[in-house]
Every structure is written in C-alpha cells, then in structure tokens.
Amino acid sequence: MRPYSRRDVLRAGGALTLAGMLAACGSNTGRSGGSAVSQWYHQYGEKGTQQAAEKFARAYTKATVNVTWTPGDYDQKLATGLLSSNGPDVFEGGVTVDKIRANQIVPLDDIFDAVKSDFTAAAIEENIFEGKMYAIPMILDMQVLFYRKSLLQKAGVQPPKTIPELVEAAAKLTTKQVKGLFLGNFSRTNANTVVSPLSIWASGGDLITKDHKAGFNTPGVAQTLTALRQLFTSGHLLLGAPTDWSDPSAFNQGLTAMQWSGIWAIPAVKQTFGDDFGVLPWPSQAAGGTPSVPIGTWGAMVNAKSKNLEAAKAYVKWLWIDQKQYQEEWATSYGFHIPVRNSILDKAAAMKTPIGADVANFSKQYAKTSSPAAWTPKMDTAYGDLITNVIQNGANPAAELAKAEKAVNTELKTLFP
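In this report, we go over the structure that sits alongside the text. (Residues numbered from 1 in each chain as written. Predicted model: local features only at pLDDT ≥ 70, side-chain atom pairs only at ≥ 80, totals over all residues. Heavy atoms only, no water.)

**Quick look at the overall build of the protein**
Next, step 1: For the protein, the count of helices and strands is 18 helices and 13 strands.
Next, step 2: The C-alpha radius of gyration of the protein comes to 21 Å, within 12% of the 22 Å expected for a compact globule of 417 residues.
Next, step 3: Dimensions of the protein along its principal axes, counting C-alpha atoms only, are 65 × 50 × 35 Å.
Next, step 4: Burial analysis of the protein (417 residues in total) assigns 60% to the buried set.
Next, step 5: Long-range pairs, those at least 24 residues apart, make up 77% of the contacts in the protein with a sequence separation of at least 6.
Next, step 6: A total accessible area of about 16,200 Å² is found for the protein, and carbon and sulfur atoms account for 52% of it.
Next, step 7: Both charge centroids of the protein, one from 40 positive and one from 35 negative side chains, sit 1 Å from each other. (Helix = DSSP H or I, 4+ residues; strand = E, 2+ residues; numbered from the N terminus. Rg over C-alpha atoms; globule rule 2.2 N^0.38 Å. Buried < 20%, exposed > 50% of the residue type's maximum accessible area, 1.4 Å probe, protein only. Contact = heavy atoms within 4.5 Å. Areas by Shrake-Rupley, 256 points an atom, 1.4 Å probe, with all protein chains shown as cover. Lys, Arg positive; Asp, Glu negative; His and termini not counted. Charge placed at Lys NZ, Arg CZ, Asp CG, Glu CD.)

Listed below in structure tokens is the structure:
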C-alpha cells in the first residue's frame, strides 16, 4: 500500500502544494575515492532537493558517488534496473516482499542495529521484514486532519476525537457555502488511498497480524465503515473538489471546514490562514480508543547485485546514520517533513512551533505504517474494492469484510506457506 509514499503524493497533487518541480534527469560525481557508488533518487517536488542530494554526495570522501535524479516513472526505471546488471548500488523507495524474495536488496542490520533505538518505531516497522532491516529510513511523511479553528468555534464544535464526533462535527459545520469535511474525491484509487487503513485502525484492527493473517474483519471495522457510508450519503462530505485530498486547495479556498491531507500541506495552509488552523490524528471509533496517523517513509536500500556492495553500505551508513545534520536538513529544509530519528526530532526547530509539536507528538504516539512490506498489490485491490463497495455503493460491510479477508489470507498463504 504505497499510496502514502512521498512520490505518489507529488504525482497526485504536489504541483499545487509543493514548489518547483525539478525538470531534468541529471547526475553528480562526488569526490574521487577507492571505488564508485551509483545512487538513484526519484524527482522530489521541493525546490533545492536535487542540489542537496548532490551536495551530500560531494561531501563523501571515501568513494565517488554518482547521483542520478529521475523524473517520470521512477518505479518502472528502478524495477528494470534491479533486474539488470546496470542498476544502482544505492536507491530510495519502499521495502516490499517482492524485492526481498527476489533477492534484490540486502539486509542492513549490521549498520543499523547500533542506532535502532533512535529511530521512530513506525519507521522501523515499515522497513523491517521477518526481523531484518532492509532500508535505512531517510524521511517520514504523515497524514492528519486539518480543521479551521474559527469555523469550529463559530459552530460550537470541539475538535473530534471519535468517529461519531467526526460525523456530528461534519454535519454542524456544513453550510450552504461550506461542507463539513473533505476526505478525497472517492474515485476507486482515492477511496483506497484515504480511508482503507483508517477504517481498520479506528477500531484497533490492523492490515496484517503478526502471525501473517488479515487483521481487519472485526465488528468494530464494520461499524466504522457504516459510519463512513453515512458520511458519504449525508451531504456533509465534500465530493468532486477541484483538486484531491493530497492538495490543500479545497481547504484553503474555504470549500470545507475540515480536510484530510498530509503534513506537506502545512506551509501552504499556514500561508493562507496563519494560526487559524489545527491538526488532529484520525479519530478512534469510540471513546478511550487510540487515534491514528498513517506514516510513509522513504528508505535507502542497497542493491544485492551491486558490484560495490560494501562501499554502497558504507555510504548509506555515512549519509543516513552518521550525518545527522544532513538528515535534519533533508527532512526540514525542503517543505515540511518529519525527521525519522528521535534525537533529531526532539531538537529540530521546525518541530518547536505549536503545529510542529503536535505533528511530532502524533508521530510518536499514534503513527501506523501504511506500507507494511508484506502488503501486496493484490491485497490492496481486495481491500480497496471493499471500501468502494461499502462506502460508495452501500454494500453490506460484514459480507465485504469477509470477502476481502479471504482474498488477503489467500495471498498471505502464498508468501508464508
């Protein structure tokens, strides 16, 4: 379930929320050394990121680091590269069971174990599989519920902490000009992207259990899906906005009082409303439950086919473990993102503002990985179909949950026979 990745966010709506799409595919050669390491990045949307990546490479003295900056379909280029002998030594992306089972990436526990306790727990969970760490987390992005403080105050609404409160708040905040809540335009893809894991976590379920079974077919998840269906048909949910959930335009234009989006939208929202907004985690199903925020990480991985395996691992360790100043710069100097290490998170100036402090707190208390390595595209399709059938089409939640559970468990049995 990689829709929460930074790359997909940029594709979905980053042109309006993030400055300066960098156009050229380029490379940079670091200082000469005993060997050469090729490093691939996708094209980030934030201005200055390519220059920063090249600066990091130049600062490394133990090998020549060649940076390739890739616009367009990075996933396809990477997939092709990993199948060939001409792929990168080091690359960024997400850990998947396909890469692991195909022996395309190597475990990095030997360079990671000494600092493991300093990394955000959810960031580790997203990059670990069967006890082995396959990527060093580089950066963390997170989704939150934005709300206009003044509009809630005017309507006499408290920031919602439970799903029933969210439904009630959406109703009270809806006027002739403003809808109460925006969760996305609810195409097949976006229904899956926005509410799939949220509907599970709200009642304490999970995508996959630790014993490799579907963890979402529960009465609580059915109850949450019923509430989301109620929202969909209530007239209080903004549907068909000019831009989708990853872009804050609907919120900034006053079309909705609350919007689900990502922390990357904070700079644009702050520019529009100043301090007249707040952020919340996704509410729990009932009082006393645990809220949640989906997180997604970019991780640095090492190609198992690398001809410079040890040099590649040494560079990953130097950049994403040893160089804390570069790690903080990468997370906080280009847009708004969360450092993945607690020692950086606790000191970063960007996390000291009221909104930054809330975001930092959510990442420690409520973060859930949106992309577990064992969650495959087939599983994603099965649960996405459930979301579409229940919320948009009014199908029976219990029946659809059972159908999705069967599909996910069938897929899991092929992975863990």
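**What about the packing of helix H10 (residues 219-234) against helix H17 (residues 377-392)?**
Next, step 1: Put simply, H10 and H17 touch, their axes get as near as 8 Å, and they point 50° apart. Classified by the angle their axes make, H10 and H17 are oblique. From H10, Val221, Leu225, Leu228, Arg229 and Phe232 reach across to H17, where they touch Tyr383, Leu386, Ile387, Val390, Ile391 and Gln392.
Next, step 2: The class makeup of the residues in the contact of H10 with H17 is nine nonpolar, one polar and one charged. (Axes fitted to C-alpha atoms, helices over the stretch in contact; angles between N-to-C directions. Parallel < 35°, antiparallel > 145°, perpendicular 65-115°, else oblique. Nonpolar A, V, L, I, M, F, W, Y, C, P; charged D, E, K, R; others polar.)

**Concerning the packing of helix H13 (residues 309-322) against helix H14 (residues 324-332)**
Any two packed helices are characterised by how steeply their axes cross, that is the angle between the axes, and by the distance between the axes.
Next, step 1: Running from N to C, H13 and H14 point in directions that differ by 70°, and their axes come no closer than 6 Å. Taken as axis vectors, H13 and H14 run roughly perpendicular relative to one another. Counted together, Trp318, Leu319, Trp320, Ile321 and Asp322 of H13 and Lys324, Tyr326, Gln327 and Trp330 of H14 form the full contact between these two elements.
Next, step 2: Of the residues contributing to the contact of H13 with H14, the split by class is six nonpolar, one polar and two charged.

**Topic: unusual backbone geometry**
Next, step 1: Despite not being glycine, Asn103 shows a phi value in the positive range, around 55°.
Next, step 2: Summarising the element assignment, Asn103 is placed in the loop between helix H4 (97-101) and helix H5 (109-112).
Next, step 3: Relative accessible area serves as the criterion here: at 57%, Asn103 is assigned to the exposed category.
Next, step 4: Unlike most non-glycine residues, Glu130 shows phi in positive territory, near 50°.
Next, step 5: Within the secondary structure, Glu130 sits in the loop between strand E5 (128-129) and strand E6 (132-133).

**Topic: the nonpolar core**
Next, step 1: Grouped together as the largest cluster of nonpolar side chains are 135 residues, with contacts concentrated most on Tyr41, Met142, Leu183, Met258 and Trp330.
Next, step 2: Broken down by element, the residue count for this core peaks at nine residues, all from strand E7 (residues 136-147).
Next, step 3: Beyond its immediate stretch of four places on either side in the chain, Tyr41 contacts Ala53, Val67, Thr68, Trp69, Thr70, Tyr74, Glu92, Met138, Leu319, Trp320 and Trp330. (Core = buried A, V, L, I, M, F, W, Y, C linked by side-chain atoms within 4.5 Å.)

**As for the environment of Thr120**
Next, step 1: Its place among the elements puts Thr120 in the loop between H5 and helix H6 (121-127).
Next, step 2: Since its relative accessible area comes to 4%, Thr120 is described here as buried.
Next, step 3: In this structure, the C-alpha to C-alpha distance between Thr120 and Pro137, residues 17 residues apart in sequence, is 9.2 Å.

**Quick notes on the pairing of E7**
Next, step 1: For E7, a buried count of 12 out of 12 residues is recorded, marking the element as mostly surrounded by other parts of the structure.
Next, step 2: Here E7 pairs with strand E12 (residues 293-302) via six bridges, running antiparallel. Along E12, the bridge assignment pairs Ile139 with Trp298.
Next, step 3: For E7 and strand E10 (residues 258-262), the ladder comprises five bridges, and the chain directions are antiparallel. Each bridged residue has a counterpart across the sheet, and for Gln143 the counterpart in E10 is Gly262.
Next, step 4: Of the strand pairs in this sheet, E7 and strand E11 (residues 278-280) are connected by three bridges, and their pairing is antiparallel. Note that in E11 the partner of Leu145 across the bridge is Leu280. (Pairing = 2+ DSSP bridges.)

**Considering helix H16 (residues 354-365)**
Next, step 1: Given a rise of 1.5 Å per residue, 12 residues ought to cover 16 Å, and the 16 Å separating the end C-alpha atoms of H16 matches this to within 8%.
Next, step 2: Taken together, the buried positions of H16 are occupied by Ile355, Gly356, Val359, Ala360, Phe362 and Ser363. All buried residues of H16 lie within an arc of 160° about the axis, which places them on one face of the element.
Next, step 3: Where H16 is buried, its residues contact E7, helix H12 (266-273), E11, E12, helix H15 (342-345) and strand E13 (367-369). (Expected span 1.5 Å × (residues − 1). Arc of directions from axis to C-beta.)

**Comments concerning the packing of aromatic side chains**
Next, step 1: Tallied over the full model, the rule gives 22 aromatic pairs.
Next, step 2: Relative to Tyr383, the ring of Phe216 has its centre 4.9 Å away and its plane inclined at 70°; by these criteria the two rings are edge-to-face. Taken together, the residues span a long stretch of sequence, with Phe216 in the loop between strand E9 (214-215) and H10 and Tyr383 in helix H17 at a distance of 167 residues.
Next, step 3: For Phe216, a relative accessible area of 0% gives the class buried.
Next, step 4: Aromatic pair Phe251 and Phe273: ring centres 5.5 Å apart, planes at 75°, arrangement edge-to-face. Separated by 22 residues along the polypeptide, Phe251 in helix H11 (residues 249-252) and Phe273 in helix H12 bring together distant segments of the chain. (Phe/Tyr/Trp six-rings, centres within 6.5 Å; stacked < 30°, edge-to-face > 60°.)

**Things to note about the pairing of strand E3 (residues 64-70)**
Next, step 1: Extensive coverage of E3 is indicated by the burial of six of its seven residues.
Next, step 2: Here strand E2 (residues 36-42) runs beside E3; their pairing, made up of seven bridges, is parallel. Among the inter-strand pairings, His42 is bridged to a residue of E3, identified as Thr70.
Next, step 3: This β-α-β element, E2 to helix H2 (residues 49-59) to E3, shows right-handed connectivity. (Right-handed = clockwise from strand over helix to strand, strands pointing away.)

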